[in-house]
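Chain and residue survey
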Amino acid sequence: MKPREQGGVVDAKLNVYGVHGLKVADLSVPPGNVSANTYGTALVIGEKAAVIIAEELGIKGVVYPVAVARDLD
């Protein structure tokens, strides 16, 4: 995610800058053009969004695949 100062729209927790209570999890989230199949990118964003939302709601047991989590952190 890009910082707001560089034209970003969401933070690392997918919260939209300047709007309370709104998250976005689609292909507008990556900071640059996706140079691969966008299907895989959309799946990864959706999975990460599910984990973020579950954590914020206090839902336990939702985990992110280990191989992908290493690349995102």
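Before reading on, note that the structure itself is shown above.
Residues numbered from 1 in each chain as written. Predicted model: local features only at pLDDT ≥ 70, side-chain atom pairs only at ≥ 80, totals over all residues. Heavy atoms only, no water.

Grouped together as the largest cluster of nonpolar side chains are seven residues: Val10, Leu14, Val16, Val29, Ile45, Ala49 and Ile52. If we ignore the near neighbours within four places in the chain, the residues touching Ile45 are Ala25, Asp26, Leu27, Val29 and Pro30. (Core = buried A, V, L, I, M, F, W, Y, C linked by side-chain atoms within 4.5 Å. Buried < 20%, exposed > 50% of the residue type's maximum accessible area, 1.4 Å probe, protein only. Contact = heavy atoms within 4.5 Å.)

Compared with the 28 Å implied by 1.5 Å per residue over 20 residues, the 28 Å span of helix H1 (residues 38–57) between its first and last C-alpha is a close match. Among all positions of H1, only Ile45, Ala49, Val51, Ile52 and Ala54 are buried. Capping the start of H1, Asn37 holds a side-chain oxygen 2.8 Å from the backbone nitrogen of Tyr39, two or three residues further along. (Helix = DSSP H or I, 4+ residues; strand = E, 2+ residues; numbered from the N terminus. Expected span 1.5 Å × (residues − 1). Polar contact = N/O pair within 3.5 Å; in protein donor to acceptor, adjacent residues only side chain to side chain.)

Further remarks concern unusual backbone geometry. Positive phi, normally seen in glycine, also occurs at Leu14, with a value near 70 degrees. With respect to the helices and strands, the residue Leu14 is situated in the segment before H1.

On to the pattern of salt bridges. All told, the structure shown has two salt bridges when counted by the stated rule. Salt-bridge contacts for Lys13 lead to Glu55; the nearest nitrogen and oxygen are separated by 3.9 Å. One end of the pair, Lys13, is in the segment before H1; the other, Glu55, is in helix H1, with 42 residues separating them in the sequence. Classification of Lys13 by relative accessible area gives partly exposed; the value is 40%. Between Lys23 and Glu56 there is a salt bridge, and its shortest N-O distance comes to 3.0 Å. On the criterion of sequence distance, the pair formed by Lys23 in the segment before H1 and Glu56 in helix H1 is long-range, its members being 33 residues apart. (Salt bridge = Lys/Arg side-chain N within 4 Å of Asp/Glu carboxyl O.)

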